[in-house]
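# Fold and geometry: a report
As a plain string of letters, each chain reads:
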Amino acid sequence: MQIKKQDVLKALESITLAGEGKNMVESGAVQNVITFADEVIVDLKMTTPAMHIKKRAEADVIKAIKEQVYADAQVKINIQVEAPPKAENPNLIKGKPIPGIKNIVAVASGKGGVGKSTVTANIAVTLAKMGFKVGVLDADIYGPSIPIMFDVFNERPLSVTVDGKSKMKPVESHGVKVLSIGFFTKPNQAVIWRGPMAAKALNQLIFDAAWGELDFMLLDLPPGTGDIHLSLMQSLPITGAVVVSTPQTVALADARKGVAMFQQENIDVPVLGVVENMSYFTPAELPDNKYYIFGKEGARNLAEDLEIPFLGEIPIEQSIREAGDIGRPAALQTATKTEAAFEEVTKKVVEETVRRNENLPPTEAIKITTMAGCSAVKK
């Protein structure tokens with residue numbers, strides 16, 4: 001028995017795949033048909049990987065050939081799955097640069113309580129004192145503290161019109177433009193959001209704001225290495241990252257993970273360096289003494305071990321805590337050791353940013369896909 005190809009194609013015209021308006025041949029699902037005596041090979045291309053759809057197609061093809069062409073036909077079916085590209089989510093902006101912003105620096109920490117927000121606020125005001133145009137985005141959705149540290153806790157961003165569109169005008173304090181989810185929540189209101197909602201809120205703070213011209217935008221990231229971090233790196237081409245840690249072994253272990261996140265091959269955000277906060281304590285009555293309460297030079301050793309820059313150390317000072325609580329960052333205090341420490345760190349950040357921009361191409365925002373319940377990150 002010699003089965004004819006045209007007879008097979010005619011039989012396949014009686015089959016319509018699930019979700020298709022045309023028959024299997026008209027829709028292009030049949031890629032090829034080969035016949036050898038009583039043997040038939042059918043190559044199919046489908047747009048869904050669903051197993052039950054594939055099994056149903058195989059059964060329909062075999063049934064149609066056996067009933068309409070030859071009952072004893074030996075049928076072999078090869079199925080290739082070619083899913084159509086997914087439509088972009090219009091609510092998620094990927095890798096869109098913000099016009100007028102030259103450098104975006106993420107300030108991160110592996111764990112909470114190491115003074116990341118304090119370091120962010122003081123670097124910001126120091127940059128402003130140096131003459132740079134600076135903005136701070138408080139990306140710590142669940143624990144925003146930047147409004148308190150800039151004494152703008154009771155402020156609310158105004159609405160302005162830019163190029164015919166309504167935009168949020170960042171609140172300004174100490175020469176720094178600030179936006180935070182804290183401006184839109186009550187003091188006793190907990191933010192209980194899943195990742196997608198938090199990411200959407202951050203996108204609004206980033207792209208629906210009239211930031212204007214900025215030399216530096218600092219991102220005060222939440223602790224850890226989670227969904228918010230990936231969402232920001234997906235939304236923005238980040239120039240570089242600063243990791244904050246105390247010298248304590250527990251904090252250093254988490255800081256190492258923070259550095260590893262940025263250095264992951266498919267994320268590849270340059271790490272500008274590590275800042276050691278709470279390095280030592282010097283009593284006022286013993287100005288020449290240093291007490292290493294949380295350990296000595298832990299972050300410096302971590303930086304050397306990871307071959308990344310060490311940006312400097314910030315001592316434990318009661319004045320730093322008090323200044324943050326009243327919304328006047330300690331770096332604003334002139335002619336003090338605290339001011340000098342933050343100036344040294346900030347100069348290093350600027351130097352490393354310049355070096356990074358001279359030696360490396362612009363950072364690309366990452367793309368994130370989800371596979372089998374895990375996040376896969378790629379360029």
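Right, let's walk through the structure included here. (Residues numbered from 1 in each chain as written. Predicted model: local features only at pLDDT ≥ 70, side-chain atom pairs only at ≥ 80, totals over all residues. Heavy atoms only, no water.)

### Digging into a nonpolar patch on the surface
How we decide: A patch consists of residues whose relative accessible area exceeds 30% and which take part in no salt bridge; residues with like charges are grouped when within 9 Å of each other, and nonpolar side chains (Val, Leu, Ile, Met, Phe, Trp, Tyr) when within 5 Å. Working definition of accessibility: Shrake-Rupley area with a 1.4 Å probe, residue cover restricted to the visible protein chains. Any Lys or Arg side-chain nitrogen located within 4 Å of an Asp or Glu carboxyl oxygen qualifies as a salt bridge. Secondary structure counts use DSSP, requiring at least four H or I residues in a row for a helix and at least two E residues in a row for a strand, with both numbered from the N terminus. The buried label goes to any residue with under 20% of its type's maximum accessible area, the exposed label to any with over 50%, and the partly exposed label to all in between, with areas taken from a 1.4 Å probe on protein chains only.
A cluster of nonpolar residues, Phe281, Leu286, Tyr291, Ile293 and Phe294, forms a patch on the protein surface that exposes about 430 Å² of accessible area. Relative to the helices and strands, Phe281 resides in strand E12 (residues 271-281). The exposure class of Phe281 is partly exposed, given its relative accessible area of 32%.

### Observations regarding the sheet that holds strand E8 (residues 171-173)
Put simply, the test is: Pairing between strands is defined by DSSP: at least two bridges between the two strands are required. For helices, the fitted axis covers only the stretch in contact; all axes are lines through C-alpha atoms, and the angles between them, taken along N-to-C directions, range from 0 to 180 degrees. The contact criterion used throughout is that any non-hydrogen atoms of two residues lie within 4.5 Å.
Spatially, 8 strands are ordered E8-E9-E5-E10-E4-E11-E12-E13 in an open sheet, and the strand pairing comes out mixed. The sheet is open, and its two edges are formed by E8 and strand E13 (310-316), each paired on a single side. In this sheet, neighbouring strand axes are inclined to one another by 25° on average, regardless of whether the strands run parallel or antiparallel. The sheet contact formed by strand E4 (residues 101-108) and strand E10 (residues 214-220) spans 6 bridges and is parallel. Bridging across to E10, Ile104 finds its partner in Met217. The strands touched by helix H3 (residues 116-129) are E4, strand E5 (134-138), strand E9 (176-180), E10, strand E11 (240-245) and E12; relative to E10, the strand with the most contacts, the crossing angle is about 170°. Of the strands in this sheet, E4, E11 and E12 are in contact with helix H7 (residues 249-263), which crosses E11 at around 170°.

### Some remarks on the pattern of salt bridges
By the definition in use, this model includes 9 salt bridges. For the salt bridge of Arg321 with Asp325, the shortest nitrogen-to-oxygen distance reads 3.1 Å. With Arg321 and Asp325 both in helix H9 (residues 318-325) and 4 residues apart, the pair spans about one turn of that helix. Judged by relative accessible area, which is 48%, Asp325 ranks as partly exposed. For Arg355, the salt bridge is made with Glu352, and the minimal N-O distance between the two is 2.7 Å. A residue pair is termed a helical-turn pair when its members lie 3 or 4 positions apart in one helix, as Arg355 and Glu352 do in helix H10 (residues 337-359) at 3 residues. Overall, Glu352 belongs to the buried group, its relative accessible area being 16%.

### A look at H10
In an α-helix, one turn spans 3.6 residues, which is why side chains three or four residues apart end up on the same side. Defined as follows: Given the number of residues in a helix, its expected span is that number minus one, multiplied by 1.5 Å.
The end-to-end C-alpha distance of H10 is 33 Å, a good match for the 33 Å that 23 residues give at a rise of 1.5 Å each. Taken together, the buried positions of H10 are Thr338, Glu339, Ala341, Phe342, Val345, Thr346, Val349, Val350, Glu352, Thr353 and Arg356.

### Considerations on the nonpolar core
Cut-off, in case you're wondering: Side-chain atoms within 4.5 Å are what join buried Ala, Val, Leu, Ile, Met, Phe, Trp, Tyr and Cys residues into a set we call a nonpolar core.
Formed by 85 residues in total, the largest nonpolar core has its most connected members in Phe150, Val176, Trp211, Leu219, Leu236 and Phe262. For this core, the element with the highest residue contribution is H3, accounting for 7 residues. If we ignore the near neighbours within four places in the chain, the residues touching Leu219 are Ile104, Val105, Ala106, Val107, Leu137, Leu236 and Ile238. Among the nonpolar cores identified, the runner-up in size contains 21 residues, and Val33, Val40, Val42 and Leu44 belong to it.

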